[in-house]
Amino acid sequence: MDYEPPFLETYKSLVQKHVGDSKNEYWCSMVESTCEIPSIDLGREECMEEIVKAAKEWGCFEIVNHGISQEVLESMLLEQKKVFYQPFVLKSEQVNSKTYSWGNPFATNLTQLSWSEAFHFPRTQIFKMDQHQTLRSSLEAFATIMFPLAESLTGILASKLNMKSNYFGEHCLPESSFIRLNRYPPCPISSKVHGLIPHHDSTFLTIIYQDQVGGLQLFKDGKWIGVEPSPQALVVNIGDLFQALSNGVYKSIKHRVVASEKVERFSTAFLYCPSEEATIESHNKPAMYRNFTFKEYRQQNKKDIKQSGDKVGLSRFLL
Ligand SMILES: O=C(O)CCC(=O)C(=O)O
Ligand SMILES: [Fe+2]
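Note that the structure is a prediction, hence the values are computed from the model and not measured.

### Observations regarding the pattern of salt bridges
Part 1 of the reasoning: Counting across every chain of the model gives 16 salt bridges.
Part 2 of the reasoning: Where Arg44 meets Glu46, a salt bridge forms, and the shortest distance between an N and an O atom there is 3.9 Å.
Part 3 of the reasoning: On the basis of relative accessible area, Glu46 is assigned to the partly exposed category, the value being 38%.
Part 4 of the reasoning: We note a salt bridge from Glu281 to Lys285, for which the minimum N-O separation is 3.6 Å.

Have a look at this one:
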């Protein structure tokens, strides 16, 4: 297919190094599928306490009755498919603009390689898109509807921390959020490589809409737990910035996507972030992490990925 990124050709030597190496069978072990992540019905009165509890204990939960129209979600998925089904040569023209990415150019071994491709749109860029009109309107509708949801979830979480009440209103504007479109192509070496390597999000909060294929897993209490897809549910992850701001009260959850050998998978992530200049400062003392700006955090992560193939993350900022 002319839309597939050339994974096998590009990562030939990494793949050859690991073929036949049974140590690198990633997810057959340690997966606890019977455990379910908290599911929160936003229509219920108790939902605020449930959100806070889930953010503290899990750093992740699923929400239903969230008021996001199925039509917006489905049209986003449809447009997303169209943009990924463009010829690879066209998609790769956008690598330099950092809109499109695939694999990991800095991977030093297979554990750092994600068998997936992504389009990453800062909200400000969506307004300026002059091609792909239907994609643009789906992205706009998606961002417009997700932003207030992210705001109200962070508002609930912040209210339990006795934080300055307008922190998010001041620092997280609609323009500072991002949308990430993910596609996980079928992977012929799916027991040796992840769809998306284990990571923490560099956000305050991420809201994920996933298709019905499955593959998203969370790391909790030493085990990987599968997040079963459900057409009505959205998945909410706490990101690194909220962990630092809350001084470790809310947990940034480590998660990954396992690759499937036969089926492709799509997901759409809304990344609720502050402006680059915003300072992330612990709400109480003694602080676990030193103060940093979002810009500094992103730059440090980029530098680490370039040097070692992977993000180091919050541990770099521990005091
Ligand atoms: O595809 C998924 O379900 C998760 C995506 C994700 O973790 C991300 O985009 O950061
Ligand atoms: Fe993520």
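### With respect to the UniProt feature "domain: Fe2OG dioxygenase" (unreviewed entry) in the chain
Part 1 of the reasoning: As recorded in UniProt, the sites labelled "domain: Fe2OG dioxygenase" (unreviewed entry) are residues 175-274.
Part 2 of the reasoning: With 6% helix and 45% strand, residues 175-274 has end C-alpha atoms that lie 9 Å from one another.

### Details of the coordination of the iron ion (ligand 2)
Part 1 of the reasoning: With distances of 2.1 to 2.2 Å, the protein atoms coordinating the iron ion (ligand 2) are His199 (NE2), Asp201 (OD) and His255 (NE2).
Part 2 of the reasoning: Taken in sequence order, the residues that donate to the iron ion (ligand 2) follow the motif H-x1-D-x53-H. Of this pair, Asp201 sits in the loop between β6 (194-199) and β7 (205-210) while His255 sits in strand β11 (residues 255-258), and the two are 54 residues apart along the sequence. Exposure class is identical for Asp201 and His255. Each is buried.

### Describing the packing of aromatic side chains
Part 1 of the reasoning: Considering all chains together, one arrives at 23 aromatic pairs under this definition.
Part 2 of the reasoning: Linked through ring pairs, Tyr3, Phe7, Tyr11, Phe84, Tyr85, Phe88, Tyr100, Trp102, Trp115, Phe119, Phe121 and Phe266 together constitute an aromatic cluster.
Part 3 of the reasoning: The aromatic ring of Phe219 is capped on one face by Lys254, whose charged end is 5.2 Å from the ring centroid.

### Topic: the site of ligand 1
Part 1 of the reasoning: The environment of ligand 1 is formed by Arg180, Asn182, Tyr184, Leu196, His199, Asp201, Ile208, Leu216, His255, Val257, Arg265 and Ser267.
Part 2 of the reasoning: The contact in question runs from an oxygen atom of ligand 1 to an N or O atom on the side chain of His199, over 3.2 Å.
Part 3 of the reasoning: The side chain of Arg265 places a nitrogen or oxygen atom 2.8 Å from an oxygen atom of ligand 1.
Part 4 of the reasoning: For ligand 1, whose unbound accessible area comes to 300 Å², protein coverage reaches 97%.

### Observations regarding the packing of helix α3 (residues 47-57) against helix α7 (residues 133-159)
Part 1 of the reasoning: Packing of α3 against α7 leaves a shortest axis separation of 9 Å and a crossing angle of 80 degrees. In terms of their interaxial angle, α3 and α7 are classed as roughly perpendicular. Note on element contacts: α7 touches α3 through Leu153, Ile156 and Leu157, opposite Met48, Ile51, Val52 and Ala55.
Part 2 of the reasoning: Of the residues that constitute the contact of α3 with α7, the class distribution is seven nonpolar, no polar and no charged.

### Focus on helix α4 (residues 70-84)
Part 1 of the reasoning: Over its 15 residues, α4 extends 21 Å from the first C-alpha to the last, a length consistent with the 21 Å expected when each residue adds 1.5 Å.
Part 2 of the reasoning: Of all the residues in α4, the buried ones are Val72, Leu73, Met76, Leu77, Glu79, Gln80, Val83 and Phe84.

### Regarding the sheet that holds strand β9 (residues 223-226)
Part 1 of the reasoning: Taking strand neighbours across the sheet as the criterion, the four strands line up as β6-β11-β8-β9 in an open arrangement whose pairing is antiparallel. Pairing within the sheet leaves two strands with one partner each, and these edge strands are β6 and β9. Each neighbouring strand pair of the sheet contributes to a mean axis angle of 30 degrees, computed without reference to strand direction.
Part 2 of the reasoning: Where strand β8 (residues 216-220) meets β11, three bridges bridge the pair, whose relative direction is antiparallel. For Leu218, the partnering residue across the bridge sits in β11 and is His255.

### So, the nonpolar core
Part 1 of the reasoning: One finds Phe168, Leu181, Phe204, Leu205 and Phe270 to be the most contacted residues of the largest nonpolar core, which totals 91 residues.
Part 2 of the reasoning: Counting residues per element, this core draws most heavily on α7, which supplies 12 residues.

Thresholds, definitions, all that
Residues numbered from 1 in each chain as written. Chains lettered and ligands numbered in written order. Predicted model: local features only at pLDDT ≥ 70, side-chain atom pairs only at ≥ 80, totals over all residues. Heavy atoms only, no water. Salt bridge = Lys/Arg side-chain N within 4 Å of Asp/Glu carboxyl O. Buried < 20%, exposed > 50% of the residue type's maximum accessible area, 1.4 Å probe, protein only. UniProt positions renumbered as here; feature names shortened; annotations may be inferred. Helix = DSSP H or I, 4+ residues; strand = E, 2+ residues; numbered from the N terminus. Donors = N, O, S within 2.8 Å, 3.2 Å for Na, K, Ca; no water. Phe/Tyr/Trp six-rings, centres within 6.5 Å; stacked < 30°, edge-to-face > 60°. Lys NZ or Arg CZ within 6 Å of the ring centre and 35° of its normal. Near = heavy atom within 4 Å. Polar contact = N/O pair within 3.5 Å; in protein donor to acceptor, adjacent residues only side chain to side chain. Areas by Shrake-Rupley, 256 points an atom, 1.4 Å probe, with all protein chains shown as cover. Axes fitted to C-alpha atoms, helices over the stretch in contact; angles between N-to-C directions. Parallel < 35°, antiparallel > 145°, perpendicular 65-115°, else oblique. Contact = heavy atoms within 4.5 Å. Nonpolar A, V, L, I, M, F, W, Y, C, P; charged D, E, K, R; others polar. Expected span 1.5 Å × (residues − 1). Pairing = 2+ DSSP bridges. Core = buried A, V, L, I, M, F, W, Y, C linked by side-chain atoms within 4.5 Å.

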